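Understanding the architecture of this molecule
Here is what each chain is made of, one letter per residue.
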Amino acid sequence: MRAQALLLLLCAARAHALATLTRRRCLAGASAILAPAAPAVAGYSSETVAKAKEAWAVADPSRAQDWVPLIVAGDGALGELLDNWPAITAKNDGDAVRRYLGTVGITSPLFKIRPALAAIIKARDLPDAFDVVAFAEVSEEFLSDLQAAEGAAYGANFADFSTSVGKGGLSPAATQLVKCREDVRRLKQRSGELVALLGPLRK
């Protein structure tokens, strides 16, 4: 009987320890989730951060028209990327393209393009002349093209070290960037459509 009692006590102690450990793990996990994320500007000089914020700062996020300059600036960044494509991709550096796409670093206005599009679609101060349905549809296509361009640019960073095969005498990385350029051209077209749809907000 004494042995049974000791065994029961031992089992109870182990169960308590396990429950305590589980609670501690849960609390640790919750703390990690609720803890503030590391600032996206880490590793950048204050001058770079200030200049970047000028590219995507929004005066009043609750006003749809205050997001317009950011989207127009993003369209300009895509135009600059395409106009200077040979120089930007001379070293087959996919990250050089991704900096313009806003998927690496914080210096491109496209860094904030997703919240900008969402804010306009959800805004309550849209004029009747604004076609929010068309804007939402083009926004979805834009983000799909952005993802395609980002994927091709990212792939270029590793293509030469993989089993990928280049085409037309180009290296695998250069081949990836050829595809990326077509994606960016499509993206620029969608961006132009977005800017055109913003007309009623620019009056």
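Heads up: these notes are all about the structure in this document. (Residues numbered from 1 in each chain as written. Predicted model: local features only at pLDDT ≥ 70, side-chain atom pairs only at ≥ 80, totals over all residues. Heavy atoms only, no water.)

**Structural notes on the overall build of the protein**
- The helix and strand inventory of the protein stands at eight helices and zero strands.
- Going from N to C terminus, the protein has its helices and strands arranged as α-α-α-α-α-α-α-α.
- Residue burial in the protein is summarised as follows: out of 203 residues, 34% are buried.
- Taking contacts inside the protein between residues at least 6 apart in sequence as the whole, the part at least 24 apart equals 69%.
- Here the protein has roughly 12,500 Å² of accessible surface; of this, 58% comes from carbon and sulfur atoms. (Helix = DSSP H or I, 4+ residues; strand = E, 2+ residues; numbered from the N terminus. Buried < 20%, exposed > 50% of the residue type's maximum accessible area, 1.4 Å probe, protein only. Contact = heavy atoms within 4.5 Å. Areas by Shrake-Rupley, 256 points an atom, 1.4 Å probe, with all protein chains shown as cover.)

**Describing the nonpolar core**
- If you look at the biggest cluster of nonpolar residues, it comprises 38 residues, and the most contacted ones within it are Ile71, Val97, Leu101, Phe142 and Val184.
- Of all elements in the fold, only helix H3 (68-83), helix H4 (85-88), helix H5 (94-101), helix H6 (113-122), helix H7 (132-156) and helix H8 (172-197) reach the threshold of two or more residues within this core.
- Per-element tally for this core: the top contributor is H7, with eight residues. (Core = buried A, V, L, I, M, F, W, Y, C linked by side-chain atoms within 4.5 Å.)

**Description of the environment of Val184**
- Structurally, the position occupied by Val184 is in helix H8.
- When its relative accessible area of 0% is taken as the criterion, Val184 is described as buried.
- Excluding anything up to four places from it in sequence, Val184 contacts Leu78, Leu81, Leu82, Trp85, Leu101 and Ala149.

**Side note on the side chain of Ser139**
- Tracing the backbone shows Ser139 in helix H7.
- Among residues more than four places away in sequence, those in contact with Ser139 are Leu117, Ile121 and Leu194.

**Regarding the packing of H6 against H7**
- One can describe the packing of H6 onto H7 by two numbers: an axis separation of 10 Å at closest approach and a directional angle of 165 degrees. Regarding the angle of H6 to H7, the classification is roughly antiparallel. Here H6 and H7 pass one another in a crossing that is left-handed. Contacts between H6 and H7 involve Ile113, Arg114, Leu117, Ile120 and Ile121 from the first element and Val132, Phe135, Ala136, Ser139, Phe142, Leu143 and Leu146 from the second.
- A class-by-class count of the residues in the contact of H6 with H7 yields 10 nonpolar, one polar and one charged. (Axes fitted to C-alpha atoms, helices over the stretch in contact; angles between N-to-C directions. Parallel < 35°, antiparallel > 145°, perpendicular 65-115°, else oblique. Left-handed = near helix turned anticlockwise from the far one by under 90°. Nonpolar A, V, L, I, M, F, W, Y, C, P; charged D, E, K, R; others polar.)

**Thoughts on the packing of aromatic side chains**
- In total, this model carries two aromatic pairs according to the counting rule given.
- Between Phe130 and Phe135 the ring centres are 5.3 Å apart and the planes differ by 50 degrees, which places this aromatic pair in the tilted class. (Phe/Tyr/Trp six-rings, centres within 6.5 Å; stacked < 30°, edge-to-face > 60°.)

**Focus on H5**
- Along H5, the residues that are buried comprise Gly94, Ala96, Val97, Arg98 and Leu101.
- For H5, the secondary structure elements touched by its buried residues are H3, H4, H7 and H8.
- Its side-chain oxygen at 3.0 Å from the backbone nitrogen of Asp95, Asp93 defines the N-terminal cap of H5.
- Gly102 occupies a position one or two residues after H5 and carries a positive phi of about 80 degrees. (Polar contact = N/O pair within 3.5 Å; in protein donor to acceptor, adjacent residues only side chain to side chain.)

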